[in-house]
Amino acid sequence: MPKTVTAPIKPLELLRRSIDSNIMVEVRGNRLYSGVLEGYDVYMNLVIRNAGETINEKNSGVFQRLLVRGDNVIFVAPSIGGGE
Amino acid sequence: MPKTVTAPIKPLELLRRSIDSNIMVEVRGNRLYSGVLEGYDVYMNLVIRNAGETINEKNSGVFQRLLVRGDNVIFVAPSIGGGE
Amino acid sequence: MPKTVTAPIKPLELLRRSIDSNIMVEVRGNRLYSGVLEGYDVYMNLVIRNAGETINEKNSGVFQRLLVRGDNVIFVAPSIGGGE
Amino acid sequence: MPKTVTAPIKPLELLRRSIDSNIMVEVRGNRLYSGVLEGYDVYMNLVIRNAGETINEKNSGVFQRLLVRGDNVIFVAPSIGGGE
Amino acid sequence: MPKTVTAPIKPLELLRRSIDSNIMVEVRGNRLYSGVLEGYDVYMNLVIRNAGETINEKNSGVFQRLLVRGDNVIFVAPSIGGGE
Amino acid sequence: MPKTVTAPIKPLELLRRSIDSNIMVEVRGNRLYSGVLEGYDVYMNLVIRNAGETINEKNSGVFQRLLVRGDNVIFVAPSIGGGE
Amino acid sequence: MPKTVTAPIKPLELLRRSIDSNIMVEVRGNRLYSGVLEGYDVYMNLVIRNAGETINEKNSGVFQRLLVRGDNVIFVAPSIGGGE
């Protein structure tokens, strides 16, 4: 039985697949944003809808829409079931 | 009934739509600026009118007009009802 | 009565308009410089005349002329009445 | 008996060979991610599957899929037996 | 009587005019260098002759010649009477 | 008797000569890696075989193979006898 | 009697003239390296022979040959009599 082969996923391809899905974004300075990915560009700037903000593990607000600058991003995690 | 499909929004497109609307800009060093977006460029440098400044959660002044350098921006949030 | 429409102002355009006017420049490390803008380039390097320096909110000197490197700039604010 | 000569391995070539293998990624801020490498790009942005996160040597979660931004990467280590 | 109009001075032009004159250079990490500007390039790397070094406001040495890397420069100030 | 003249060695040339030799790499954050250089690129990303890791002067592990990102490198030292 | 006019010295030109001479290199993190400059490139990466290392003003070792990454360089000083 042949081994399942999966095609590699380019980082920006993962973002493309995550459009309209929930993501979690870790940003320098202990900031976490979670919401629906609405858009991105090659600099990993992200547009997030209904973005909940967590600073130092405390909820600190919700934004209808947020543009997070890619420079400060540590990671982007599609939510479970998302990004496919 | 078909699922509503929304076109993705590129980060700079969100800025373009936010011209003449209120935005909030978080900048490194616990700085927050809010006012009316007057202009921007691809480096995310921003021109803000009637810009209120908050440092470490204290109001620290109002500027008739401010050019915020994109390098230090963490996020830009259009105010509720703005950015559409 | 139609709403007044204003053309967007590109960040470098704001600098161009501020030539020969007073500006205030916030620089990383709690440094503030105020004086007359004499020149700039696309990197936001600035030439300032009669530049007063404030470090940690204390006056620390005046320079006949100063070249501030754009890399460290946080914001540039035209003085009230300036930049128009 | 001739000395064994090995061809040099370019850094991105090591990533290419590590696709579908386990890797460990050290990221600034005492963050460690380990999982299966699914993709990468020339900026060393990485897509990792089943990514366990360790912060300050404590397990802090598992992500089904993670996009780690290359800017913050300190090193990538293919797991023993991997990367070949 | 017409207002005196002065042409704007590009930042690199100020450096060009300061060749063979005294300058003061503030560098990140509370470092100050003063001496005669001998050369520069577009990255604002500077060659300074008879460069006195001040760290945390204490004299810490004199260098016959110094190449200061532009990346760390905060400002360059031509000495009074210099840079014209 | 003429003075021995040596040709200058470009930095990347030193890396090329160090392939298959032992090197020591100092990385920001008090990290030291030593092992056999297997590859490099123009960004000074390095592939190291049998890489011993020292953090704050304590041994903290050995990696069969390590890709160190060039951005964080402070210096690379070929071991004595190496790099020639 | 005419004033002596000296041609400006470009920063990289100073490095070129310093080949085979002693230099001192200050690097971020209170690191100082001194030895004979063997090579350099446009990024100010430096190859130094017989490089003595001083950290926080304590001697901490000598390297037969060292490649110092330009990114972290604060200044390069040709030793007295050198660089000419």
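None of the values given here were measured: they were computed from a predicted structure.

## As for the overall build of chain A
The number of helices and strands found in chain A is one helix and five strands. Seen in sequence order, chain A has helices and strands lined up from the N terminus as α-β-β-β-β-β. Looking at chain A as a whole, 54% of its 84 residues qualify as buried. When contacts within chain A are restricted to residue pairs at least 6 apart in sequence, long-range pairs at least 24 apart make up 40% of them. Total accessible area on chain A is roughly 4100 Å²; 53% of this is exposed by carbon and sulfur atoms.

## Here's the deal with the interface of chain C and chain E
Contacts between the two partners involve 24 residues from chain C and, on the opposite side, 27 residues from chain E. Counting the surface lost from both chain C and chain E, the interface buries some 2000 Å², and carbon and sulfur atoms represent 53% of this. For the chain C face of the interface with chain E, the top three residues by lost area are R65, L67 and R69 of chain C, together amounting to 37%. In this structure, the salt-bridge partner of E26 of chain E is R31 of chain C, at a minimum N-O distance of 2.7 Å. Summed over the shared surface of chain C and chain E, the result is nine residue pairs in polar contact (both at pLDDT 80 or more). Where the side of chain C that touches chain E is concerned, the elements lending two or more residues are β2 (31-40), β3 (46-55) and β4 (58-68) of chain C.

## Section: the interface of chain C and chain B
Facing the 27 residues of chain C at the interface are 24 residues of chain B. Of the roughly 2000 Å² buried where chain C meets chain B, counting both sides, 53% is carbon and sulfur surface. Its largest share of buried area at the contact with chain B, chain C owes to P11, I74 and F75 of chain C, together 27% of the area lost on that side. Run the count over chain C and chain B and you get two salt bridges. Counting across the chain C and chain B interface gives nine residue pairs in polar contact (both at pLDDT 80 or more). Taken together, the elements giving at least two residues each to the side of chain C that touches chain B come down to α1 (11-18), β1 (22-27) and β5 (73-78) of chain C. Among the elements that line the side of chain C that touches chain B, the one with the most residues is β5 of chain C, at six residues. Partitioned by chemical class, the residues of the side of chain C that touches chain B number 15 nonpolar, six polar and six charged. As judged from the two bridges shared by strand β4 (residues 58-68) of chain B and β5 of chain C, these two strands associate in the antiparallel manner.

## Side note on the relation of the copies chain C and chain B
Two chain copies, one operation linking them: a rotation about an axis together with a shift along it. In screw terms, the move from chain C to chain B is a rotation of 51° and a rise of 0.0 Å along the axis, fitting with an RMSD of 0.0 Å. The share of interface residues of chain C whose copies in chain B are also at the interface is only 7%, consistent with the copies meeting through different surfaces.

## Details of helix α1 (residues 11-18) of chain F
In an α-helix, one turn spans 3.6 residues; hence positions three or four apart end up facing the same way. All names here are of chain F. Along α1, the positions that sit buried rather than exposed are P11, L14, L15 and S18. The buried residues of α1 occupy one face: seen down the axis, they fall within an arc of 100°. After α1 finishes, the residue D20 shows a positive phi value of roughly 75°.

## Notes on the environment of L37 of chain F
Locating L37 of chain F in the fold gives a position in strand β2 (residues 31-40). Discounting chain neighbours no more than four positions away, the residues touching L37 of chain F are L15, S18, I19, D20, S21, I23, L46 and V47 of chain F.

## Here we look at the packing of aromatic side chains
With the rule as written, the count across this model stands at 14 aromatic pairs over all chains. Measuring from centroid to centroid gives 5.9 Å for Y33 of chain C and F75 of chain E, while their planes differ by 75°, and the two rings are edge-to-face. Placement of Y33 of chain C in strand β2 and of F75 of chain E in strand β5 (residues 73-78) is noted, with the two residues assigned to different chains. Judged by relative accessible area, which is 1%, F75 of chain E ranks as buried. An aromatic cluster is defined as three or more aromatic residues linked by ring pairs; in this entry it consists of Y33 and F63 of chain A together with F75 of chain B. Stacked on the ring of Y40 of chain F, the Lys or Arg K10 of chain D has its end atom at 5.2 Å from the ring centre.

## Let's talk about the pattern of salt bridges
All names here are of chain D. With the rule as written, the count across this model stands at 56 salt bridges over all chains. The salt bridge partner of E13 is R16, with a shortest N-O separation of 2.9 Å. Of the two residues, E13 and R16 both sit in helix α1 (residues 11-18), three residues apart, roughly one turn of that helix. What makes R16 partly exposed here is its relative accessible area of 47%.

Here is what the cut-offs are and how they apply
Residues numbered from 1 in each chain as written. Chains lettered and ligands numbered in written order. Predicted model: local features only at pLDDT ≥ 70, side-chain atom pairs only at ≥ 80, totals over all residues. Heavy atoms only, no water. Helix = DSSP H or I, 4+ residues; strand = E, 2+ residues; numbered from the N terminus. Buried < 20%, exposed > 50% of the residue type's maximum accessible area, 1.4 Å probe, protein only. Contact = heavy atoms within 4.5 Å. Areas by Shrake-Rupley, 256 points an atom, 1.4 Å probe, with all protein chains shown as cover. Buried area = accessible area lost by both parts, 1.4 Å probe. Salt bridge = Lys/Arg side-chain N within 4 Å of Asp/Glu carboxyl O. Polar contact = N/O pair within 3.5 Å; in protein donor to acceptor, adjacent residues only side chain to side chain. Nonpolar A, V, L, I, M, F, W, Y, C, P; charged D, E, K, R; others polar. Pairing = 2+ DSSP bridges. Least-squares fit on C-alpha atoms with pLDDT ≥ 70 in both. Arc of directions from axis to C-beta. Phe/Tyr/Trp six-rings, centres within 6.5 Å; stacked < 30°, edge-to-face > 60°. Lys NZ or Arg CZ within 6 Å of the ring centre and 35° of its normal.

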